[in-house]
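Structural characterization, general
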Amino acid sequence: MNRFINEKRLLDTFLQLVRIDSESYHEGALYRWLCPELKKRGCSVVTDKAGKKIGSDAPGNIIATLKGTAGEKPFLLSAHMDTVCPGRNVKPSIQNGRVVTDGTTVLGGDDKSGIAVILEILSVLKEQKIKHRPLQVIFTLNEENGMGGAKNLDYSKIKGREGLILDNESVCELLVQGPAVCDFIVQIQGVASHAGVAPEKGISALEVAAQAMARMQLGRVDEETVCNFGVVQGGEVTNVVMPQLYLKGEVRSLNVKKLQKQIKHMKDCFAQAAKGFVRKANGKTLRPKITIETPLRYGALNVPKKAPLVQYVLKAAQKHGVAMKALASGGGCDANVTCQHGLLMPNIGLGVQNCHTVEEYLDLKEFYKAADIVLDVVLNYK
């Protein structure tokens, strides 16, 4: 236990936070609560214009700065304000060393546990008057819906280059790698025809897709790459050869070259399938038309395991009795986005489990350990 962390205050802050509704796009109430709380702890507070850009009822991301008393390079701490649904009217209780809900909502520990730890650290620095480097605190909007806050953060206001994202589950895990993700959007235009009278005059968009899929490697491609189709839309009646089909999937990989290789493979499968559906009808040559879009949803998180910050966090965890490992994740977080802006920010766990479900809970032992570790890093990492 760090002799400075006030566990009771930390828990009380967390319980207060989860009672403030802040589902994605509705972070306004939490935003209005956080700004004065940061000022009470000695921070200057500014807000960017991300809220309007992404449709939140909060004005923007919060960027708070605490002046340092030693050193010049600011250290960054970040957590997100929004929660998934159902996240309104949360009723937390403590049972067997865990904070749980009544089973009708998520807890919101993702990511109010991170916010609570950051506020506790600011409180400790103020009351103990400990020498510390400058800190910048970033509370983002809309992380749960594609990191909209981080994507629209005003990075000109961020002066630090290293820090921690507080948004992972187990305190034993420090996430240093995460995949780049591309959407894979396909629209197939076939040819409609009466399925009972002249099916041979039509081109089924569904059959084209099926042939492409039969050629395609899906699911787990290799140890770093996965892909999946999750949305299929097409057809209205059974007696018409399906003329149009819309597919939406995604490709994820920790390796950008592998990501591009998989995307090319999938495009080639559709092109090859289309060649098998050339038809002649009424003196015309008919063939399917396929359009494919592969926009980048977010880039890869890649923090070197040998980076001094990573090594220090692992040593600090060991000092506090936690066997922490630097690991890769199959999911994305704000760290994926900040990485694209040159910020070195691994993602530390806080003891939240069963995220995005009504069985979500916060393990208090891990929560307090996480606070100890983060404070240690803030005070001692140079």
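Above this text you will find the structure in question.
This report concerns the structure included in the present document. The residue numbers shown here count from 1 along each chain, following its written sequence. pLDDT decides what is reported in this predicted model: residues at 70 or higher carry local features, side-chain atom pairs at 80 or more are listed and counted, and totals for whole chains, interfaces and linings draw on all residues regardless. To obtain the side-chain values, all non-hydrogen atoms of the structure were included, while hydrogens and water were left out.

On to the side chain of Thr338. If you trace the backbone, Thr338 turns up in helix H9 (residues 334-340). Remark: exposure states derive from per-residue accessible area (1.4 Å probe, protein chains only) relative to the maximum for the residue type, with buried under 20%, exposed over 50%, and partly exposed in between. Given a relative accessible area of 5%, Thr338 falls into the buried group. Two residues qualify as a contact provided that any one of their heavy atoms is within 4.5 Å of a heavy atom in the partner residue. If near-sequence neighbours (up to four positions away) are discounted, Thr338 is found in contact with Tyr155, Ile165, Leu343 and Met345. A run of H or I in DSSP becomes a helix once it reaches four residues, and a run of E becomes a strand once it reaches two; helices and strands are each numbered from the N terminus.

Turning our eyes to something else, we now look at helix H6 (residues 205-215). Looking only at H6, the buried set comprises Ala205, Val208, Ala209 and Ala212. Projected down its long axis, H6 shows its buried positions confined to an angular sector of 95°, all on one face. Here the arc refers to the set of directions running from the helix axis out to each C-beta atom.

Further remarks concern the sheet that holds strand S5 (residues 98-100). Between any two strands, at least two bridges found by DSSP are needed for them to pair. Taken in spatial order, the four strands line up as S4-S5-S21-S20 in an open sheet, and their pairing is antiparallel. Looking at strand neighbours, the two that pair on one side only are strand S4 (93-95) and strand S20 (352-353), the edges of this open sheet.

Now for unusual backbone geometry. A cis geometry characterises the amide bond from Cys85 onward to Pro86, with omega recorded as -5°. Within the secondary structure, Pro86 sits in the loop between strand S3 (75-80) and S4. Note that the residue after Asp110, namely Asp111, is joined by a cis bond; omega there is 20°. Its identity is not glycine, yet Tyr25 carries a phi of approximately 75°, on the positive side. Relative to the helices and strands, Tyr25 is located in the loop between helix H1 (7-18) and helix H2 (28-40). Classification of Tyr25 by relative accessible area gives partly exposed; the value is 32%.

This brings us to the layout of surface pockets. Here a cavity denotes a set of grid points, spaced 1 Å apart and computed over the protein atoms alone, in which a 1.4 Å probe fits but from which it cannot get out, and a pocket denotes an open set meeting protein on both sides within 12 Å along at least five of seven lines; residues with an atom within 4 Å of a point are reported as lining. Grid points are joined across faces, edges and corners, and a volume is the space filled by probe spheres set on the points. As a volume, the largest pocket reaches approximately 480 Å³. In this structure, the largest pocket is lined by 29 residues; those nearest its centre are Asp110, Glu143, Gly332, Cys333 and His356. At the level of secondary structure, the elements contributing two or more residues to the lining of the largest pocket comprise helix H4 (109-128), strand S7 (162-168), strand S8 (173-178) and strand S16 (296-298). Residues are sorted three ways: Asp, Glu, Lys and Arg are charged, Ala, Val, Leu, Ile, Met, Phe, Trp, Tyr, Cys and Pro are nonpolar, and all the rest, Gly among them, are polar. A breakdown of the residues in the lining of the largest pocket according to their chemical character gives eight nonpolar, 12 polar and nine charged.

Right, let's get into the pattern of salt bridges. The salt bridge criterion pairs a side-chain nitrogen of Lys or Arg with a carboxyl oxygen of Asp or Glu, the two atoms within 4 Å. The full count for this structure, using the stated rule, is 15 salt bridges. Between Lys40 and Glu37 there is a salt bridge, and its shortest N-O distance comes to 3.1 Å. Here Lys40 and its partner Glu37 are both found in helix H2, three residues apart, which amounts to about one turn of the helix. A salt bridge links Glu37 to Arg41; the shortest N-O distance between them is 2.8 Å. Judged by its relative accessible area of 11%, Arg41 is buried. Here the residues in one salt-bridge network are Asp183, Glu250, Arg252 and Arg297, joined through shared partners.

Moving on to the side chain of Glu23. Tracing the backbone shows Glu23 in the loop between H1 and H2. Glu23 sits in the buried class, given a relative accessible area of 10%. N or O atoms within 3.5 Å of each other form a polar contact, as long as, within protein, one can give a hydrogen and the other can take it, and as long as residues adjacent in sequence are counted only when both atoms are side-chain atoms. Engagement of the side chain of Glu23 in a polar contact is seen with the backbone nitrogen of Gly87, the distance being 2.7 Å. One polar contact links Glu23 to Arg88, side chain to side chain, over a distance of 3.2 Å. With residues near it in sequence (within four places) discarded, Glu23 still touches Asp82, Thr83, Val84, Cys85, Pro86, Gly87 and Arg88.

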